[in-house]
Amino acid sequence: MSCIGIFIGQCGVTLGLQILKSNPPTFRAIDGSCHALFIDTEIKVMSRITDPKIKLKSVILNAASGCGGCYAKGAVTAKKNKSEIMDRIRSKMEEMECCLGFVLVHSLCGGTGSGYGSILTQELAEVFPEMFRVNIAILPFNTGENPLQSYNTLFCIDALQEHSDMIVFIENSVVSQAISKDKVSMSDINAKIMNDLQVVFKDNKQVPSRSSIWEVLKIVCPIFCP
């Protein structure tokens, strides 16, 4: 069951790299490469995609000055690059025998994750309405990450609830509390999130049906794939 993984913003790219290192069958191509796209507006984030274990055929690099933690700027940037993004996605789909849909991983806090993630989810719903869209959205800490995070989160959730088939919320604060360490770093949090998500991206036969994202989708959002 293959789908395309789309990892957006610093948070999405960081988690995406860790997810793909485990070579999950969800995003795996026959030749060993990954059905995945990375999107960000800062070169320093995209420069991390250097792990030889991750075989990528295409990477989207929207190099700009960043989105400044602002939803509006992320949304505007996504609209400007909409044609390029959709062309890359169509090209990726042509390489696949059967594409079930898209899994988007992004933060609700940053400008790229929230703004870009919202616009791309909406565009995918309009262009490929028959394919599912799953958003794995990372909720920020209550305070301290971004002065605009509450607005970014609100605007993004509003868009996702309208255009996404399934939203998986992961709270940084809850993940942090689940880690048994005195000082918890973002690397610890990302590692914990990645470990928890591994069960979601395994084949249905390898996990209990109630744990699989595909089984949940079959129940709440039936899809067809020949």
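Residues numbered from 1 in each chain as written. Predicted model: local features only at pLDDT ≥ 70, side-chain atom pairs only at ≥ 80, totals over all residues. Heavy atoms only, no water.

Caption draft 1: Focus on the confidence of the model for the chain. Of all residues in the chain, 79% have pLDDT values of 70 or greater, and the mean over the chain is 80. Mean pLDDT per element in the chain: helix α9 (residues 213–220) is the minimum at 66, and helix α5 (residues 111–127) is the maximum at 93. Across residues 206–211, confidence stays below pLDDT 50; counting only partners more than four residues off in sequence or on other chains, it has 7 contacts. (pLDDT = per-residue confidence, 0-100. Helix = DSSP H or I, 4+ residues; strand = E, 2+ residues; numbered from the N terminus. Contact = heavy atoms within 4.5 Å.)

Caption draft 2: Main features of the pairing of strand β3 (residues 101–107). A large share of β3 lies buried, amounting to 7 of its 7 residues. On β3, burial covers both faces: G101, V103, V105 and S107 on one face and F102, L104 and H106 on the other are all buried. Judged from the 4 bridges that link them, strand β1 (residues 4–8) and β3 form a sheet pairing that is parallel. Bridge pairing in β3 links I6 to L104. Note that β3 and strand β4 (residues 132–139) share 7 bridges and pair parallel. Residue H106 lies in a different strand from β4, and its bridge partner there is A137. The β-α-β motif built from β3, the intervening α5 and the parallel element β4 has right-handed crossover chirality. (Buried < 20%, exposed > 50% of the residue type's maximum accessible area, 1.4 Å probe, protein only. Pairing = 2+ DSSP bridges. Right-handed = clockwise from strand over helix to strand, strands pointing away.)

Caption draft 3: Representation of the nonpolar core. In this structure, F7, F27, V103, I136 and I193 are the most contacted members of the largest nonpolar core, which totals 29 residues. Counting residues per element, the ones that place at least two in this core are α1 (9–21), β2 (36–39), α2 (43–46), β3, β4, β5 (166–171) and α8 (186–197). Residue contributions to this core peak at 5 residues, all from α1. In contact with F7, not counting residues within four places along its chain, are G12, V13, G16, I19, L20, F27, A36, L37, F38, I39 and V105. (Core = buried A, V, L, I, M, F, W, Y, C linked by side-chain atoms within 4.5 Å.)

Caption draft 4: Spotlight on the packing of aromatic side chains. Counting across every chain of the model gives 4 aromatic pairs. Relative to F27, the ring of F7 has its centre 6.0 Å away and its plane inclined at 80°; by these criteria the two rings are edge-to-face. You can see F7 sitting in strand β1 and its partner F27 sitting in the loop between α1 and β2, a full 20 residues away along the chain. Here F7 falls in the buried class, since its relative accessible area comes to 0%. For the pair F7 and F38, a centre-to-centre distance of 5.2 Å together with 35° between the ring planes defines the contact as tilted. (Phe/Tyr/Trp six-rings, centres within 6.5 Å; stacked < 30°, edge-to-face > 60°.)

Caption draft 5: Main features of the pattern of salt bridges. With the rule as written, the count across this model stands at 4 salt bridges. Between D87 and R90 there is a salt bridge, with the nearest N and O atoms lying 3.5 Å from each other. Of this pair, D87 and R90 both sit in helix α4 (residues 82–94), 3 residues apart, roughly one helical turn. On the accessibility criterion, D87 (48% relative accessible area) is partly exposed. (Salt bridge = Lys/Arg side-chain N within 4 Å of Asp/Glu carboxyl O.)

Caption draft 6: Structural detail: α4. Under the 1.5 Å per step criterion, the end-to-end length of α4 is 18 Å for 13 residues, consistent within 8% with the ideal 18 Å. Within the sequence span of α4, burial applies to I85, M86, I89, K92 and M93. Down the axis of α4, the smallest arc covering the buried residues is 120°, so these residues share one side. Residues of α4 that are exposed and point over 90 degrees away from its buried face: S83 and E94. Structurally, α4 contributes buried residues whose contacts are with β1, β2, α3 (71–80), β3 and α5. (Expected span 1.5 Å × (residues − 1). Arc of directions from axis to C-beta.)

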